[in-house]
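Coordinates in review
Listed here are the chains, written in short residue letters.
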Amino acid sequence: LRSMTQIPAIAAVGSAQCPEQLAVLAAPYAQIGPASVIGADGTLACTIEPDTAKVNVADRDYFRKALRSQDSVIGKTVTSRRYSGTYVLPVAMALRDGAGHETGWLVVGINLNQFAKDNAATWTDAGTIVTLWDQEPRILFRWPDAQAWIGKGLAETALDEDGGQDASALSG
């Protein structure tokens with residue numbers, strides 16, 4: 001993500017070459033969902049999506065976190081506004097000019113549905129479940145049955161056998 005923010009066609013918010021450059025960078029990665037450059041007001045300035053409707057993400061947590069961060073941020077799992085039933089884990093990083101001022105944000109979405117689908121083919125045990133947690137710990141994504149699990153905290157699951165005392169066992 002950091003190296004992508006240094007590419008002139010991406011760093012120059014609104015560049016005509018931006019969509020093509022994002023598409024070239026994302027092409028080898030099937031699990032990359034939407035890759036976009038967001039303007040200072042939260043409106044999409046560039047995207048790999050062919051339909052460039054003016055979507056505004058100023059209400060999304062990753063955008064608000066990115067406004068305050070000097071590093072990349074990971075947002076909460078969101079349901080795609082463009083593709084029904086698709087779960088996306090957004091990762092964002094500020095774009096800066098030569099003086100270090102924020103000019104926009106690069107956001108790459110990890111398509112969690114595609115991630116689970118791609119990896120399910122390699123699982124050898126029937127009934128394998130994949131769960132991604134954040135640092136709280138709160139469930140970011142679960143496959144299968146994502147809708148029933150996303151957003152639940154450890155204490156709300158059967159995994160919390162010790163009353164949430166050893167969430168460190170979940171890291172990794």
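In what follows, the accompanying structure is described. What you see is a predicted model, and the numbers here were worked out from it, not measured in a lab. (Residues numbered from 1 in each chain as written. Predicted model: local features only at pLDDT ≥ 70, side-chain atom pairs only at ≥ 80, totals over all residues. Heavy atoms only, no water.)

Tallied over the full model, the rule gives one disulfide. One disulfide bridge connects Cys-18 with Cys-46, the sulfur atoms lying 2.0 Å from each other. Classification of the bridge connecting Cys-18 and Cys-46 rests on its S-S torsion, roughly -95°, and on that basis the disulfide is left-handed. Here Cys-18 is found in helix α2 (residues 18–26), whereas its partner Cys-46 is found in strand β2 (residues 44–47), with 28 residues between them in sequence. (Disulfide = S-S within 2.5 Å. Helix = DSSP H or I, 4+ residues; strand = E, 2+ residues; numbered from the N terminus.)

Applying the stated criterion across every chain yields a total of one aromatic pair. Plain terms: the ring middles of Phe-63 and Trp-105 are 5.2 Å apart, the flat faces sit at 70° to each other, and that makes the pair edge-to-face. In this pair, Phe-63 is assigned in helix α3 (residues 61–68) and Trp-105 in strand β6 (residues 102–111), connecting sequence segments 42 residues apart. Note on Phe-63: relative accessible area 4%, which makes it buried. The class of Trp-105 is buried, set by a relative accessible area of 4%. Between Arg-142 and the ring centre of Trp-149, over which it is positioned, the NZ or CZ distance is 4.0 Å. If you follow Lys-152 out to its NZ or CZ, it ends over the ring of Trp-149, 5.5 Å from the centre. (Phe/Tyr/Trp six-rings, centres within 6.5 Å; stacked < 30°, edge-to-face > 60°. Buried < 20%, exposed > 50% of the residue type's maximum accessible area, 1.4 Å probe, protein only. Lys NZ or Arg CZ within 6 Å of the ring centre and 35° of its normal.)

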